[in-house]
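A look at the structure
Residues per chain are reported as follows:
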Amino acid sequence: FMALPCHWHDEWEFSIVKQGAAIFHINGISHALTKGNGIFINSGTTHMVLPKGTEPVILLTIIVHPRFIYGT
């Protein structure tokens, strides 16, 4: 991917770096992740993702609404 622009959503987001390295900017704080590392992003939290380095980045991302876990 090239970059995921700054956004937010009502769902929780779980991301794991499967290849390469990425920088997650979450509420203005940068988190550099490499292959095998993951991150949880809470609902309503502004975030963006940028590749780090020249190697292509592959992320496994699961986005789930909190109601899926705890019901309505």
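Here, every reference points to the structure presented above.
Residues numbered from 1 in each chain as written. Predicted model: local features only at pLDDT ≥ 70, side-chain atom pairs only at ≥ 80, totals over all residues. Heavy atoms only, no water.

**Some points on the pairing of strand S5 (residues 38–41)**
Residues of S5 alternate between two faces, with Ile39 and Ile41 buried on one and Gly38 and Phe40 left unburied on the opposite face. Sheet analysis places strand S2 (residues 12–19) next to S5, joined by four bridges and oriented antiparallel. Following the sheet pairing, Phe14 is matched in S5 by Phe40. (Buried < 20%, exposed > 50% of the residue type's maximum accessible area, 1.4 Å probe, protein only. Helix = DSSP H or I, 4+ residues; strand = E, 2+ residues; numbered from the N terminus. Pairing = 2+ DSSP bridges.)

**Notes on a nonpolar patch on the surface**
Taken together, the side chains of Phe14, Ile16, Phe40, Leu60 and Ile62 present a nonpolar region at the surface, about 430 Å² in accessible area. Those elements that place two or more of their residues in the nonpolar patch are S2 and strand S7 (58–64). (Patch = residues over 30% accessible without salt bridge, like charges linked within 9 Å, V, L, I, M, F, W, Y side chains within 5 Å. Areas by Shrake-Rupley, 256 points an atom, 1.4 Å probe, with all protein chains shown as cover. Salt bridge = Lys/Arg side-chain N within 4 Å of Asp/Glu carboxyl O.)

**Focus on the packing of aromatic side chains**
Two numbers describe a pair of aromatic rings. These are the distance of the centres and the angle of the planes. Within the structure shown, the criterion is met by two aromatic pairs. Their ring planes at 50° and their centres at 5.0 Å tell us that Phe14 and Phe40 sit as a pair that is tilted. On the criterion of sequence distance, the pair formed by Phe14 in strand S2 and Phe40 in strand S5 is long-range, its members being 26 residues apart. The exposure class of Phe14 is partly exposed, given its relative accessible area of 36%. (Phe/Tyr/Trp six-rings, centres within 6.5 Å; stacked < 30°, edge-to-face > 60°.)

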